[in-house]
Amino acid sequence: MGRNLHEESRPSEFTLYVGNKCFSSWSLRPWVAMKHLEIPFEEGFVRLRTPETAANLAKVSPTGLVPVLDHKLPKGGGRIVWETLAILEYLADLYPEKRLWPEELGARALARSVATEMHSGFREVRYGWPMNLRRPKSHKPLDAEGEAQRARIEAIWRQCREQYGEGGPFLFGHFTAADAMYAPVVTRFDTYGGELAPVTRAYVDAVLATPAMLHWYAEAAGERWPEPGPHEQD
Ligand SMILES: N[C@@H](CCC(=O)N[C@@H](CS)C(=O)NCC(=O)O)C(=O)O
């Protein structure tokens, strides 16, 4: 299936619409996957949290949310793909050789489980530690529920690294969709987590050191707009 889908596409025909790099955590996920895996794309940018945002999002996104992938097909027509995990799945179908999911069935099941757990959960961590790449690093305790979720995230990272991480520094050795899904959480641990357990620190550092993440951070630093307010979440 992947090969046929791949043949019908030319990568330059992708436009990935994203929001502000400082705080749009959902946007970061497919963006970092595409950059890290060298899938070329045009970037469409929608500035969030302005009076015009809703109207601008409505032009490109069926849900009024980013990220959105616009795939123009060479033979005409195209596809709009929304929802972060659906975008990653679509790319995994188009580019099986990029190994967005690990190949071994057990690893693949675990990667999908933890990616889905991220997509649907960890609300207290996301709200207690909103992604803000321009915020100075300082430890910020979470409430009890947030701390439990933080511990769960660290347990996931530890399990993946111990079971499947021997081939490289990422959750399944090489970079997968699971790493993309946790990339904004990595930034939160770095910003708010204070002193981290060694396994957590090593994983956070590995993700933050990728050229793709450095690129995103540099562009976030260059954004000229005000910081997100204290109650603004992703
Ligand atoms: N479930 C969606 C969540 C996307 C989402 O919440 N995106 C935020 C930005 S990170 C957004 O577009 N917000 C609209 C706004 O701020 O006006 C996904 O997985 O893609």
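Just so it is clear, the structure is predicted and the values come from calculations on it, not from any experiment.

Student: What am I meant to see in the packing of helix α5 (residues 105-120) against helix α8 (residues 177-192) here?
Tutor: The axes of two packed helices give the description: the angle between them and the distance between them. Interaxial distance between α5 and α8 falls to 9 Å at its minimum, and their mutual angle equals 35°. Judged by the twist between their axes, the crossing of α5 over α8 is left-handed. Within the contact between the two elements, α5 uses Ala 111, Val 114, Ala 115, Met 118 and His 119 and α8 uses Ala 178, Met 181, Tyr 182 and Val 185. Residues that form the contact of α5 with α8 fall into these classes: eight nonpolar, one polar and no charged.

Student: What's the story with the site of the ligand in this structure? I'm lost.
Tutor: Neighbouring residues of the ligand: 13 residues in total, closest Ser 24, Val 66, Glu 83, Thr 84 and His 119. Here a nitrogen atom of the ligand and a backbone polar atom of Val 66 are 2.7 Å apart. His 119 has a polar side-chain atom sitting 2.6 Å from an oxygen atom of the ligand. For the ligand, the accessible surface in isolation is 520 Å², of which the surrounding protein chains cover 79%. Mapped by element, the contributors of at least two residues to the shell around the ligand are α2 (25-36) and α3 (53-60). Looking at the shell around the ligand residue by residue, the class counts come to six nonpolar, six polar and one charged.

Student: Explain the nonpolar core here, please?
Tutor: Counting residues in each nonpolar core, the largest one holds 64 residues, and the members touching the most others are Phe 14, Val 32, Leu 69, Trp 157 and Tyr 182. Of all elements in the fold, only β1 (14-18), α2, α4 (84-94), α5, α7 (144-164), α8, α9 (198-208) and α10 (211-222) reach the threshold of two or more residues within this core. Looking at this core element by element, the count peaks at 10 residues for α8. A domain split of this core shows at least three residues from each of domain 1 (2-98) and domain 2 (105-217). Discounting residues that sit within four places of it in the chain, Leu 69 has contacts with Phe 14, Thr 15, Leu 16, Met 34, Arg 79, Ile 80, Val 81, Ile 87, Tyr 90 and Leu 91.

Student: Teacher, can you tell me more about the domain arrangement of the protein chain here?
Tutor: Accessible area lost upon the coming together of the parts serves often as the stated size of an interface. Considered domain by domain, the protein chain is made up of domain 1 (2-98) and domain 2 (105-217). Between the C-alpha centres of domain 1 and domain 2 there is a distance of 22 Å. On the side of domain 2, 25 residues touch domain 1, which itself brings 21 residues to the contact. Interface area for domain 1 against domain 2, summed over the two sides, is near 2100 Å², with a carbon-plus-sulfur share of 73%. Among the residues domain 1 hides against domain 2, the three largest losses belong to Cys 22, Leu 28 and Arg 29. Together they make up 29% of the total. Where domain 1 touches domain 2, the interface holds one salt bridge. Ionic pairing is found between Arg 112 and Glu 89, a salt bridge with its closest N-O pair at 3.1 Å. Where domain 1 packs against domain 2, one counts five residue pairs in polar contact (both at pLDDT 80 or more). Listing elements by their share of the side of domain 1 that touches domain 2, those giving two or more residues are α2 and α4.

Rules and cut-offs
- Residue numbers here run from 1 along each chain, matching the order of that chain's written sequence.
- Only residues with pLDDT of 70 or above have their local features reported here, since the model is predicted, and side-chain atom pairs are shown and tallied only from 80 upward, although totals for entire chains, interfaces and linings are computed over all residues.
- To get the side-chain values, take all heavy atoms of the structure and skip hydrogens and water.
- Axis definition: a line fitted to C-alpha atoms, over the contacting stretch in the case of helices. Angles run 0 to 180 degrees between N-to-C directions.
- In DSSP terms, a helix is any run of H or I states spanning at least four residues, a strand is any run of E spanning at least two, and both are numbered starting from the N terminus.
- The handedness criterion is simple: a crossing whose near helix is rotated anticlockwise from the far helix by less than a right angle is left-handed, and one whose near helix is rotated clockwise is right-handed.
- In what follows, residue pairs with any heavy atoms lying within 4.5 Å of each other are defined as contacts.
- Charged residues are taken to be Asp, Glu, Lys and Arg, nonpolar residues to be Ala, Val, Leu, Ile, Met, Phe, Trp, Tyr, Cys and Pro, and polar residues to be all remaining types, Gly included.
- Nearness is judged by heavy atoms alone; a residue qualifies as near a molecule or strand once a single heavy atom is within 4 Å of it.
- Polar contact criterion, stated in full: a pair of N or O atoms within 3.5 Å, where within protein one must be able to donate a hydrogen and the other to accept it, and residues adjacent in sequence count only if both atoms are side-chain atoms.
- Surface accessibility in these figures is a Shrake-Rupley result with a 1.4 Å probe; residues are shielded only by whichever protein chains are displayed.
- Definition used in this section: a nonpolar core is a set of buried Ala, Val, Leu, Ile, Met, Phe, Trp, Tyr and Cys residues joined via side-chain atoms within 4.5 Å.
- The buried label goes to any residue with under 20% of its type's maximum accessible area, the exposed label to any with over 50%, and the partly exposed label to all in between, with areas taken from a 1.4 Å probe on protein chains only.
- Marked domain ranges trace back to an automatic or database domain assignment.
- Buried area, as used here, totals the accessible surface that two parts lose on assembly, with accessibility defined by a 1.4 Å probe and the loss added over both.
- A pairing counts as a salt bridge when a side-chain nitrogen of Lys or Arg comes within 4 Å of a carboxyl oxygen of Asp or Glu.

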